[in-house]
Amino acid sequence: MDRVPGLSVRLKLTLSYAGFLMLAGALLLAAVWVFLLRYVPDGWPGLLGVAPNRYLLLSTFAPAAAVVLAFLLVFGLVGGWILAGRMLAPLARITDATRKAANGSLSHRIQLEGRKDEFRELADAFDAMLVRLEAHVAEQRRFAANASHELRTPLAISQALLDVARNDLTQDPGELVDRLHAVNARAIDLTEALLVLSRADQRSFTRESVDLSLVVEEATETLLPLAEKRGVTIDTSTDITPAIGSPALLLQMTTNLVHNAIVHNLPEQGTVWVRTSVHPKTVVLTVENTGEKLAPQLVSTLVAPFQRGTERIRTDHAGVGLGLAIVKSITQAHDGTLTLTPRPAGGLRVTVRLPAAPPHTGR
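Residues numbered from 1 in each chain as written. Predicted model: local features only at pLDDT ≥ 70, side-chain atom pairs only at ≥ 80, totals over all residues. Heavy atoms only, no water.

Let us look at the overall build of the chain. Counting its regular elements, the chain contains 8 helices and 7 strands. Within the chain, the proportion of its 363 residues that are buried is 32%. In the chain, the proportion of contacts linking residues at least 24 apart, taken out of those at least 6 apart, comes to 70%. Accessible surface for the chain amounts to roughly 22,500 Å². Of this, 61% is attributable to carbon and sulfur atoms. (Helix = DSSP H or I, 4+ residues; strand = E, 2+ residues; numbered from the N terminus. Buried < 20%, exposed > 50% of the residue type's maximum accessible area, 1.4 Å probe, protein only. Contact = heavy atoms within 4.5 Å. Areas by Shrake-Rupley, 256 points an atom, 1.4 Å probe, with all protein chains shown as cover.)

Further remarks concern the sheet that holds strand β7 (residues 348-355). Whenever strands of a sheet pair, they do so through backbone hydrogen bonds, lying parallel or antiparallel. One open sheet holds the 5 strands; their spatial order is β2-β4-β5-β7-β6, and the pairing between them is mixed. The strands lining the two open edges of the sheet, one partner per strand, are β2 (232-237) and β6 (337-342). Across the sheet, the axes of successive neighbouring strands diverge by a mean angle of 10°, strand direction being ignored. Looking at chain direction, β2 and strand β4 (residues 270-278) are connected through 6 bridges and run parallel. Along β4, the bridge assignment pairs Thr 233 with Thr 271. (Pairing = 2+ DSSP bridges. Axes fitted to C-alpha atoms, helices over the stretch in contact; angles between N-to-C directions.)

The next point concerns unusual backbone geometry. Positive phi, close to 50°, is recorded for Gln 111, a residue that is not glycine. Its place among the elements puts Gln 111 in the loop between α2 (54-102) and α3 (118-167). Of note, Gln 269 is a non-glycine position whose phi angle comes to about 60°, a positive value. With respect to the helices and strands, Gln 269 occurs in the loop between α6 (247-263) and β4. Owing to a relative accessible area of 67%, Gln 269 belongs among the exposed residues under this scheme.

Among the surface-exposed residues, Leu 7, Leu 15, Leu 73, Val 74, Leu 77, Val 78, Trp 81 and Ile 82 lie close enough to one another that they form a single nonpolar patch of about 710 Å² accessible area. Top contributing element to the nonpolar patch by residue count: α2, with 6 residues. As for its placement among the helices and strands, Leu 7 is situated in the segment before α1 (9-35). (Patch = residues over 30% accessible without salt bridge, like charges linked within 9 Å, V, L, I, M, F, W, Y side chains within 5 Å. Salt bridge = Lys/Arg side-chain N within 4 Å of Asp/Glu carboxyl O.)

Scanning the entire structure with this criterion turns up 1 aromatic pair. Measuring from centroid to centroid gives 5.9 Å for Phe 71 and Phe 75, while their planes differ by 20°, and the two rings are stacked. Of this pair, Phe 71 and Phe 75 are both found in helix α2, 4 residues apart, which corresponds to roughly one turn of the helix. (Phe/Tyr/Trp six-rings, centres within 6.5 Å; stacked < 30°, edge-to-face > 60°.)

Take the nonpolar core next. Counting 41 residues, the largest nonpolar core has Ile 262 and Leu 285 as its most contacted members. Taken together, the elements giving at least two residues each to this core come down to α5 (212-229), β2, α6, β4, β5 (282-289), α7 (296-299), α8 (323-333) and β7. Of all the elements, α6 adds the most residues to this core, at 8 residues. Excluding its chain neighbours within four sequence positions, the residues that come into contact with Leu 285 are Leu 212, Val 216, Met 253, Thr 254, Leu 257, Val 274, Arg 275, Thr 276, Val 350, Thr 351 and Val 352. Within the second largest apolar cluster, 9 residues are counted, among which are Ala 97, Ile 110, Ala 123 and Leu 130. (Core = buried A, V, L, I, M, F, W, Y, C linked by side-chain atoms within 4.5 Å.)

All right, on to the packing of α5 against α6 then. Helix packing geometry: the angle between the two helix axes and the distance between the axes. One can describe the packing of α5 onto α6 by two numbers: an axis separation of 9 Å at closest approach and a directional angle of 40°. When the axis of α5 is compared with that of α6, the two are oblique. Crossing hand, α5 versus α6: right-handed. Contacts from Leu 212, Val 215, Val 216, Glu 218, Ala 219, Leu 223, Leu 226 and Ala 227 of α5 reach α6 at Leu 250, Leu 251, Thr 254, Thr 255, Val 258, His 259, Ile 262 and Val 263. (Parallel < 35°, antiparallel > 145°, perpendicular 65-115°, else oblique. Left-handed = near helix turned anticlockwise from the far one by under 90°.)

Of note, Asp 239 is situated in the loop between β2 and β3 (242-245). As a C-alpha pair, Asp 239 and Asp 211 span 28 residues in sequence and 9.2 Å in three-dimensional space. Dropping the residues within four chain positions of it, Asp 239 is found in contact with Asp 211, Ser 213 and Thr 276.

Its 18 residues give α5 an end-to-end C-alpha distance of 26 Å, which sits within 8% of 26 Å, the value for a rise of 1.5 Å per residue. The principal kink in α5, of about 45°, is found at Leu 223, preceding the proline Pro 225 by one to four residues. Among all positions of α5, only Leu 212, Ser 213, Val 215, Val 216, Ala 219, Thr 220, Leu 223, Leu 226 and Ala 227 are buried. A positive phi of about 70° marks Gly 231, the residue just after α5. (Expected span 1.5 Å × (residues − 1). Bend = angle between axes of the 7 residues up to and from the residue.)

The next subject is the packing of α6 against α8. One can describe the packing of α6 onto α8 by two numbers: an axis separation of 9 Å at closest approach and a directional angle of 145°. Two packed elements cross with a definite hand, and for α6 against α8 that hand is left-handed. Of the residues in α8, those touching α6 at Leu 249, Leu 250, Gln 252, Met 253, Asn 256, Leu 257 and Asn 260 are Gly 323, Leu 324, Ile 326, Val 327, Ile 330 and Thr 331.

What follows deals with the pairing of β7. One ladder, built from 8 bridges, connects β5 with β7; its direction is antiparallel. From the neighbouring strand, Glu 288 faces β7, where its bridge partner is Arg 349. Sheet analysis places β6 next to β7, joined by 6 bridges and oriented antiparallel. Its bridge partner being in β7, Thr 339 is matched across the sheet by Thr 351. The turn linking β6 back onto β7 is made up of 5 residues, and Gly 346 within it adopts a positive phi angle of 115°.

This brings us to the confidence of the model for the chain. Averaged over all residues, the pLDDT of the chain is 79; the fraction at 70 or higher stands at 80%. In this model, residues 310-317 is a region of pLDDT below 50 whose contacts with residues beyond four sequence positions or in other chains number 16 contacts. (pLDDT = per-residue confidence, 0-100.)

If you want it as structure tokens, here you go:
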């Protein structure tokens, strides 16, 4: 980027240093005159010798003062230029790193040495920002690749079914329609999940008072037929839980958690526990379920987009691999924390902590 014509910061600092040095020298010489020379008696030298007087001292002092001021001017300009260059050197490194980041190179780090002054703090903050930005960009690239792959799969299946139907006119059209309907429904679910995830990441929602206990009640009532179909019992225990956020997103978060707990449960006689509680500064939503024992290493990866457990089987309710990723994004968008813990007896415990609403905004 071309710099706008004008004095550079280094030249401005150099002129400032030289100007202050000249001013200090002039004030010092003026002080000598005011407090010393003005008290010397005025008069001409006598015939028998030279007597010190104001005129003689002034005629001797003035040229010397001019030489001193000229020396201070040169010294101030040269010394100020060198000093300003040393002071601005860290800023030049930060500027260079900024240009590289603007050109797409996020792996560069400033790593400024020396004592921890303002420039060092700025450089460290910039390095930390580059680390987060690089990780975010890498995550977005992985997400885009995974999303493209997931969207391509139902489209490829639909194309294959249509090709088979076109080449085999004896095939039952009803069966083809049913299979196309299932594939299309999966593509729609994935697209809607991507839209919810994008909305949560952008935090483009209005915050209002929400009672999590009512959200849990609505989510469990919606998923009760699915739980009964799979032989899963839902056990809820909720208190009035005032929070601040988007009712739609918090409902989506709770629905995803309960749905995940129902689908990934024991084949029969499974149980899901849903709890809400209130603390001085936070509200807590806990969803637990029975199921197979999970390794801690696997649990730590379940919130990644399109991540599924090793034994998960695609069924009509298997999801698209974005359930817990959406929960994580919604939780972070509400300034909360998400914790996943494997249960010793099998299954998963998910804990969501959100900031509590002020007392006057609760139900």
